Amino acid sequence: MTIRSPELAEALATRTEALCAELSPIGHEKPLCDAVEAWARGRFPAVERVRDSLVVQVDGARDPARPVIALCGHLDTVPVHDEDRHPPRRQDGRIVAPGSSDMKGGLAVMMELAERLPRADRFCDLVLVLYAREEGPYQENELEEILREPRRLRGVELALCLEPTDNVLQLGCVGSIHATVTFAGKAAHSARPWQGTNAVHRAGALLAELHGRAPREARSGQQVFREVLSATRIEGGRARNVVPDRCTLNLNFRFAPDRTLEDASAELRALAARHGAELELTDLSPACPAFQDHPIVERLVARTGVPVEAKQAWTDVARLAVHGIPAVNLGPGATAQAHQRGEWIEVAALELGYRIYETFLREARP
């Protein structure tokens, strides 16, 4: 995996630049999906389009003796910052462009693998899943629509999401719930606060509890996840001289894989009730177990020596697991660059990511 190939590195860099050149903020993935679909049709036996998402069957008729692996990546990015609306550029061994790390570099690795690594050289058959609207609410993600029809990914034994992980194998993921907590009060003149009830003050005890709440550690497989609950927004008050009669908070609960969505939701309801507030759950995403003992995951680690850690964030591995497909995270992008202004990816990381996957996918020779 340490062997450098200028030709491979340049091919990966050029493909990443081409993908980044087509801006695809969430909700505007169609032009990029059109381009990737044009690339796939004629190269591979079957390509199915689902709205602005694609399922690409890289190989023909399947051999029941061969496992099927899905490589998954989203086409969309977060909204593009105004200062980043320029063509991709090379700088100090990096490609600087929106979405380069999250996750068009991963898409480039998927596409190069499908083109370069023949079926005869692989221990498995491949499916590429390229989908839209990952960067938004859980229910709007088009991967859900793909998975709704079981035949599309029938037989897949493991899915790998090429989200940015710094070429580290990240197992499982924490779940995520956003909740709106509302405290009611009574307006009054701020010179006579005793005539009202300050809704912002009523929120204080809950905020103090969150401030003192230590992360809870939980295991899945051999990995340790940190469960955290944070207030991420707060709004209250109508004027500087009026006691606020309403205060709302957004809470984000990143819960460990040993909890179900129902368990985590119940804890938030109990928290709100304890502090006399109303609660509305607004976006719910399940957690995912680590799948560290899955035989194909074990093969990946044994053949590549890739570092392994817990995924301390949410990704679509959880959605895949809900639909009965074990999934893990492994991609070339830099985790610290996701959603950043001036986003970049190292060209060397693209090549390393390709080599890791190539080593994993190649048939072991006697």
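The structure displayed is predicted, hence computed values, not measured ones. (Residues numbered from 1 in each chain as written. Predicted model: local features only at pLDDT ≥ 70, side-chain atom pairs only at ≥ 80, totals over all residues. Heavy atoms only, no water.)

**Considerations on the packing of helix α2 (residues 30-40) against helix α3 (residues 100-116)**
Here is step 1: At a closest axis distance of 12 Å, the pairing of α2 and α3 adopts a crossing angle of 15°. Between α2 and α3, the crossing angle belongs to the class labelled roughly parallel. Our pair here, α2 against α3, has a crossing hand that is right-handed. Here α2 contributes Leu-32, Val-36 and Trp-39 to the contact with α3, which in turn contributes Lys-104, Met-111, Ala-114 and Glu-115.
Here is step 2: Considered class by class, the residues forming the contact of α2 with α3 number 5 nonpolar, no polar and 2 charged. (Axes fitted to C-alpha atoms, helices over the stretch in contact; angles between N-to-C directions. Helix = DSSP H or I, 4+ residues; strand = E, 2+ residues; numbered from the N terminus. Parallel < 35°, antiparallel > 145°, perpendicular 65-115°, else oblique. Left-handed = near helix turned anticlockwise from the far one by under 90°. Contact = heavy atoms within 4.5 Å. Nonpolar A, V, L, I, M, F, W, Y, C, P; charged D, E, K, R; others polar.)

**A look at helix α10 (residues 347-361)**
Helical periodicity: at 3.6 residues per turn, an α-helix aligns residues three or four positions apart in one direction.
Here is step 1: Compared with the 21 Å implied by 1.5 Å per residue over 15 residues, the 21 Å span of α10 between its first and last C-alpha is a close match.
Here is step 2: Burial of α10 is extensive: 12 of the 15 residues sit out of reach of the surface.
Here is step 3: Residues Val-347, Ala-349, Leu-350, Glu-351, Gly-353, Tyr-354, Arg-355, Ile-356, Tyr-357, Glu-358, Phe-360 and Leu-361 constitute the buried set of α10. (Expected span 1.5 Å × (residues − 1). Buried < 20%, exposed > 50% of the residue type's maximum accessible area, 1.4 Å probe, protein only.)

**Brief notes about α2**
Here is step 1: The complete set of buried residues in α2 reads Leu-32, Cys-33, Val-36, Glu-37, Trp-39 and Ala-40. Seen along its axis, α2 keeps its buried residues to an arc of 155°; they face one direction.
Here is step 2: Tucked inside the fold, the buried residues of α2 contact α1 (6-21), β1 (46-50), β2 (53-57), α3 and β6 (125-131).
Here is step 3: Immediately downstream of α2, the backbone of Gly-42 shows phi near 95°, a positive value. (Arc of directions from axis to C-beta.)

**A look at the packing of aromatic side chains**
Here is step 1: Counted under the stated rule, the structure contains 4 aromatic pairs.
Here is step 2: Each ring, one from Phe-123 and one from Phe-360, has its centre 5.7 Å from the other, and the planes form 65°; the classification is edge-to-face. Of this pair, Phe-123 sits in the loop between α3 and β6 while Phe-360 is found in helix α10, placing the two residues 237 residues apart along the sequence. Exposure class is identical for Phe-123 and Phe-360. Each is buried.
Here is step 3: Ring plane angle 75° and centroid distance 5.8 Å describe the contact between Tyr-138 and Trp-314, whose orientation is recorded as edge-to-face. Taken together, the residues span a long stretch of sequence, with Tyr-138 in the loop between β6 and α4 (142-148) and Trp-314 in the loop between β16 (308-310) and α9 (317-322) at a distance of 176 residues. Exposure class is identical for Tyr-138 and Trp-314. Each is buried. (Phe/Tyr/Trp six-rings, centres within 6.5 Å; stacked < 30°, edge-to-face > 60°.)

**A word on the pairing of strand β11 (residues 216-220)**
Here is step 1: Bridge count between β11 and strand β12 (residues 223-236): 5 bridges; the pairing is antiparallel. Residue Arg-216 lies in a different strand from β12, and its bridge partner there is Glu-227.
Here is step 2: Linking two consecutive strands that pair antiparallel, namely β11 and β12, is a turn of 2 residues; a positive phi of about 60° is found at Gly-221 within it. (Pairing = 2+ DSSP bridges.)

**Brief notes about the sheet that holds β12**
Here is step 1: Pairing is antiparallel across the open sheet formed by 5 strands, whose spatial order is β11-β12-β14-β9-β15. Only two strands of the sheet have a single partner each, and these edge strands are β11 and β15 (278-285). Between one strand and the next, the sheet's axes are offset by a mean angle of 25°, whatever the strand orientation.
Here is step 2: Helix α7 (residues 261-274) contacts β9 (175-184), β12, β14 (246-255) and β15 of the sheet and is inclined by roughly 160° relative to β15.

**Considering the pattern of salt bridges**
Here is step 1: Evaluated as defined, the whole model comprises 38 salt bridges.
Here is step 2: As a salt-bridge pair, Glu-7 and Arg-116 come within 2.6 Å of each other at their nearest N and O atoms. You can see Glu-7 sitting in helix α1 and its partner Arg-116 sitting in helix α3, a full 109 residues away along the chain.
Here is step 3: Among the ionic contacts, a cluster of salt bridges with common partners joins Arg-4, Asp-121, Glu-351, Arg-355, Glu-358 and Arg-362. (Salt bridge = Lys/Arg side-chain N within 4 Å of Asp/Glu carboxyl O.)

**As for the sheet that holds strand β5 (residues 94-96)**
Here is step 1: Spatially, β4-β5-β18 is the arrangement adopted by the 3 strands of the open sheet, whose pairing is antiparallel. Every other strand in the sheet has two partners, leaving β4 (89-91) and β18 (344-346) as the edge strands with one partner each. On average, each strand axis in the sheet is inclined to that of its neighbour by 30°, with strand direction left out of account.
Here is step 2: One ladder, built from 3 bridges, connects β4 with β5; its direction is antiparallel. Across the sheet, the residue bridging to Gln-91 is Arg-94, located in β5.
Here is step 3: Sitting on the sheet, α1 touches β4, β5 and β18, and the angle it makes with β4 is about 135°.
Here is step 4: Seen against the sheet, α10 touches β5 and β18 and runs at an angle of roughly 60° to β18.

Everything listed is a geometric property; what it means functionally is a separate question.
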